[in-house]
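Given next are the chains, with one letter for each unit.
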Amino acid sequence: MTVDEQRAGSRVSRPEIRLVRRGFTDPARAVRLLAEPALEGLADDPLLLDAFGATADPDLALLGLSRLLEAAGESDRHTLRDTLTTSKPLRDRLLGVLGASTALADHLARHPHDWHVLVTFELRDMHPGPADFRRALAESLAADTTGRPADALRIGYRRCLLAIAARDLTGTTDLAQTSAELADLAGATLETALDLAAGQDPEAAAACRLAVIGMGKCGGRELNYVSDVDVIFVAEPREGVDEQVALQAATRLAAALTRLCADTTGEGTIWPVDANLRPEGRNGPLVRTLASHLAYYQRWAKTWEFQALLKARPVAGDAELGEAYVAALAPLVWQAAARENFVTDVQQMRRRVIESIPATELDRQLKLGPGGLRDVEFSVQLLQLVHGRTDPALRSGNTLEALAALSRGGYVGRADAASLDTAYRFLRSLEHRIQLHRLRRTHLMPTGEEDQRRLARSLAPLINDDTRADPVAALRREWKRHAVEVRRLHEKLFYRPLLDAVAELPAGAAGLRPDAARARLEALGYADPAAALRHLTALAAGVSRKAAIQRTLLPVLLGWFADSADPDAGLLNFRQVSDALGRTPWYLRLLRDESAAAEQLARVLSAGRLAPDLLLRAPEAVAMLGDPQGLAARGRAALEQEVLAAAGRADSTAAGVAAVRSVRRRELFRTAAADVLGRFGEDPAEALEAAGEALTALNAATLQGALRACVAGWEAENGGLPTRIAVIAMGRFGGHELGYGSDADVLFVHEPLLGSLEQDAARAAQAVCHQLRALLAAPSTEPPLEVDADLRPEGRNGPLVRSLASYAAYYRRWSHAWESQALLRAEPVAGDPELGERFRQLIDPLRYPGAGVPERDLLEIRRIKARIEAERLPRGADPTTHTKIGRGGLADVEWTVQLLQLQHGHALPGLRTTRTRAALAAAVAAGLVAEEDAAVLDAAWVLASRVRSAVMLVRGRPGDSFPADARELAGVARYLGYGAGHSGELVDDYRRTTRRARAVVERLFYG
């Protein structure tokens, strides 16, 4: 029993059951309609009832037929009834239309005699073309007795549309032929409307030659039932006519044509004529000469405009001029892929389409959503632009024809092309049926179950599942299946043939030629396509299990790489990782079974140099990507426990520090990978803080482990260590604000043990700390950790380590204002915790002086800041983009906040923090800084910090300015959330943000 029969249940009478079984959902109403005089006796015809049951919506078909018979004259009504019962072809055509389209049913109710077109149009044997449609429209105009040619044009158009829909709904034509007929009808309508406009303005017609160029689906002969008809107008003056006069005349004709098609009359609207694809869009002139068009496209056109010209075709007006237009512009179209920024432009076009879809419509979009029609069209057009330069066989404006040509040429795999063709036909047919119902322009799947049921029944031949039991569920499954298939093929379409190009294909199989493969890789953003092909060959060649898995995965990986700022680096890094781990069973299982892990690996490998360099030193860290918790940040306690255990197992000091550095390298990769993949949160400031905390904990644990190893080594050679040592973090380290390229700024403090000679204790502490610094920075396969102690008393000229008493004496007698400022970020991080806490107590009166900052110290701090700005900016550096000491950069914000801490920290506990943003928030809470000023400073500080981290992630080495290399700058922009091609926008945003911050600093810091 079907769903419809279950719903009907016991509610229907016995006469109604046969209607339910034929698909009627309101059998009671159907019985009443069949009892009306106009339909009397038809209920007894089982063939007619079966014909109703074969329609998309039997209830709708019956209602439409009732209206048609009521509207028809007495004689015509009898003729129609007789024809319905005796002619199966007419019965199927008419009821098929009435059951699918309320709009065409309305037309027949207004013009009941038009049902004859379903008989007189030889639908089964004839494929009508533009001339047939022009003749039909001319006959409609000739028959008009009202004096309203616009209405007559619409009536003729609907009559032709009725014939096309009948052919479509009864399966006489397939999708391609239906779409072509709709495009031909559009061209005939434009031609007829132009004739009408010329008749209304003969002076204009005599002054110019005007050609109408079909664009989009009209140009490609793949038009929808309801669509804007995209056109471009091109004109030339007739002999002896001034060019400007001719253009004005042509503009009048084009505007009149547009009004005739688009304006609403008593017969509704045909469709809007959209000329916005013309040069300069809405801001450009409606009509140009051929020379003007050519000049624009040669100098100013963007990539998307050449993509649009793929479908350009003369459809109306002066045919010779139209052909000249297409011939003149075609060479420019097929050189578009060689343009600078072609790849970026193409990626931006697709992203803009997706971003423009309202969130509420994303799951209902047949055209623009993921797995929709635009994915197919976009993929085919991009491949045409890339390979059509050298292969004229690909230069078709029709999507299905172009897809077939791409398959024949080996540019798309045959199986992929066949799947894509099937999915595209289904999705377009579904779109057609949705639009046909009310003749409204839409690409959204209706939400009503009744609408979906009608669609499912209409498309039953195209649905793999049996639609009789539950048509709605069958339709949804089929739509989902095709959408998933389109999305899958869209992602691999460009890449699967590249693997065929480097593989040994069976005899007779078509494949990409090496030059075509290189052209495709170059168009997809690979800067060195020859090297990329070598990597593909190395990865995919052979019959090993590794090669087989990689052949399966590479089409998707290549797409992920191509979507990054540096596809070449992603592919090279993947090859190196696979070479190192290719024989490891768990790695192959990870690639094969964990699609999320494979995508994360691709994103990490193509995001810059730091994370891949860390990974390639120990590729087994890839396993983290396969663990759902593998990239979760680890706390300091866990890290210290691991590094202390690793150092303790070593048999020498050097081996102990090496073990600690190995742990650091792995954890540095964990942090960098999590950051690149967005695991620290969507909010930029929160993500920055999370990364800073993770790096601070890692460096603190590293110092703890290295110190333990060095102390153990000294004790093994000399006996017990005669002193206690503490490591005090300074600068960004003490502020928990480390970036990936930050040094570890520290102070070393020691205190002799009871009974030890101070000289012996100092010598031991110096030896341990010197060894710690040297071993952490020594050349190795592990990344170094530079331990910078230059903020110590007397700087580089002073002893590396001082006793707590020595620090006290120095700060009591010799301390400068800048040292008090530096101590604002001092925090014990390693070594003896009790000694570290006593050091904190020692320095608190210096960094939070009870009387605030004396005027002389205030002047000194400002003088030092100005001197740093003047003298320490690297030669040639742009002060507007230098993140550290440039205008509105890190130093500006941090010195401003630190000045407030020095002045008010003694009285405001909230300011007694080593963290910049926390101190700034405390200053706002205390009323020292206005909220709007603090927001400006905070935004600049966060952005500058993120830029520094991004530079290190992308380049693999630290930097305080934006990279000069375009690819590196693109990588920085991508990390910061800017799309492809928006690097300049990032730099502009940075300058604007820091310029505002500098203005606040001028007021708050310099007064």
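See above for the structure.
Sequence positions are assigned chain by chain, starting from 1 and proceeding in written order. Totals for whole chains, interfaces and linings use every residue, but because this is a predicted model, local features are given only for residues with pLDDT of at least 70 and side-chain atom pairs only at 80 or more, for both listing and counting. Heavy atoms throughout the structure, all of them, feed into the side-chain values; hydrogens and water do not.

### A few points about unusual backbone geometry
Keep this limit in mind: Strands are runs of DSSP state E lasting at least two residues, helices are runs of H or I lasting at least four, and both sets are numbered from the N terminus onward.
A positive phi angle, close to 70°, is found at E280, a residue other than glycine. Structurally, E280 is set in the loop between strand 3 (273-274) and strand 4 (287-288). One non-glycine residue, H736, lies in the positive phi region at around 60°. Inspection of the secondary structure assignment puts H736 in the loop between helix 37 (731-734) and strand 7 (744-752).

### Observations regarding the pattern of salt bridges
What counts, and what does not: What counts as a salt bridge is simple: a side-chain nitrogen of Lys or Arg found within 4 Å of a carboxyl oxygen of Asp or Glu. Using a 1.4 Å probe on the protein chains alone, a residue whose accessible area is under 20% of its type maximum counts as buried, one over 50% counts as exposed, and one in between counts as partly exposed.
Here the structure, examined in full by the defined rule, presents 66 salt bridges. A salt bridge links R67 to D106, with the shortest nitrogen-to-oxygen separation between them at 2.7 Å. A residue pair is termed long-range when its members are at least 10 positions apart, and R67 in helix 5 (residues 58-71) and D106 in helix 8 (residues 102-110) qualify at 39 residues. Residue class for D106 comes out partly exposed when judged on its relative accessible area of 29%. Residue R998 pairs with D892 through a salt bridge whose shortest N-O separation is 2.7 Å. Here R998, found in helix 47 (residues 983-1004), pairs with D892, found in helix 43 (residues 890-904); they are 106 residues apart in sequence, far enough to count as distant. By relative accessible area, D892 is classed as buried at 0%. Counted as one network, the salt bridges with shared partners bring together R634, E642, R666, E667 and R670.

### A short note on the nonpolar core
Defined as follows: Among the buried residues, those of types Ala, Val, Leu, Ile, Met, Phe, Trp, Tyr and Cys that are joined through side-chain atoms within 4.5 Å form a nonpolar core. The contact criterion used throughout is that any non-hydrogen atoms of two residues lie within 4.5 Å.
Membership of the largest hydrophobic core comes to 163 residues, with the highest contact counts inside it found for L430, F574, L703, Y740 and F748. Looking at which element gives the most residues to this core, the answer is helix 36 (residues 684-718), with 14 residues. Setting aside anything within four residues of it in sequence, one finds F574 in contact with L539, Q550, L554, L557, F561, Y587, L591, L601 and L605. Grouped together as the second largest cluster of nonpolar side chains are 87 residues, L42, Y157, L162 and C261 included.

### Comments concerning the pairing of strand 1 (residues 208-214)
On a regular strand, one side chain projects to one face of the sheet and the next to the other, so that they alternate. For clarity, the cut-off: Only strands joined by at least two bridges in the DSSP assignment are considered to pair.
Of all the seven residues making up strand 1, six are buried; the element is thus mostly covered by neighbouring parts of the structure. When strand 1 meets strand 2 (residues 229-237), the two strands line up antiparallel, connected through seven bridges. Each bridged residue has a counterpart across the sheet, and for V212 the counterpart in strand 2 is F233. Relative to strand 5 (residues 313-317), strand 1 runs antiparallel, the two sharing four bridges. Looking at strand 5, one finds that V212 is bridged to A316.

### Concerning the environment of F306
Turning to its location among the elements, F306 is positioned in helix 17 (residues 303-309). F306 gets classed as buried once you look at its relative accessible area, which sits at 2%. As for F306 and V333, which are separated by 27 residues in sequence, their C-alpha atoms are 5.1 Å apart. Residues in contact with F306, not counting those within four places in the same chain, are Y297, A301, L332, V333, A336 and R339.

### What to know about helix 42 (residues 855-871)
For clarity, the threshold we go by: Here, expected helix span is obtained from the residue count minus one, scaled by 1.5 Å. The reported arc concerns the directions from the helix axis to the C-beta atoms and nothing else.
Taking 1.5 Å per residue as the helical rise, helix 42 with its 17 residues ought to reach 24 Å, and the 24 Å between its terminal C-alpha atoms agrees with that figure. Inspection of helix 42 places L858, I861, I864, K865 and I868 among the buried residues, and these make up the whole buried set. Burial along helix 42 is one-sided: seen end-on, the buried residues are contained in an arc of 125°. Of the exposed residues in helix 42, the ones pointing more than 90 degrees away from its buried face are E855, R856, A870 and E871. Contact partners of the buried residues in helix 42: helix 40 (817-823), helix 43 and helix 47.

### With respect to the side chain of D114
With respect to the helices, strands and loops of the structure, D114 is situated in the loop between helix 8 and helix 9 (117-120). A residue is classified by how much of its surface remains accessible, and D114, at 6% relative accessible area, is buried. Those residues in contact with D114, other than ones at most four positions away along the chain, are H107, L108, I155, R159 and L162.

### Looking at the state of the cysteines
Quick note on the threshold: The rule for a disulfide is simple: a pair of cysteine sulfur atoms within 2.5 Å.
Inspection of the entire model under this criterion finds zero disulfides. Residue C218 stays outside any disulfide, its sulfur separated by 10 Å from that of C261, the closest cysteine. The exposure class assigned to C218 is buried, which follows from its relative accessible area of 1%. As a non-bridged cysteine, C710 has C769 as the owner of its nearest cysteine sulfur, 8.5 Å distant. We classify C710 as buried; its relative accessible area is 0%.

### Topic: the side chain of D184
Of note, D184 is situated in helix 12 (residues 175-200). The exposure class of D184 is buried, given its relative accessible area of 4%. Excluding anything up to four places from it in sequence, D184 contacts P128, G129, P130, F133 and R221.

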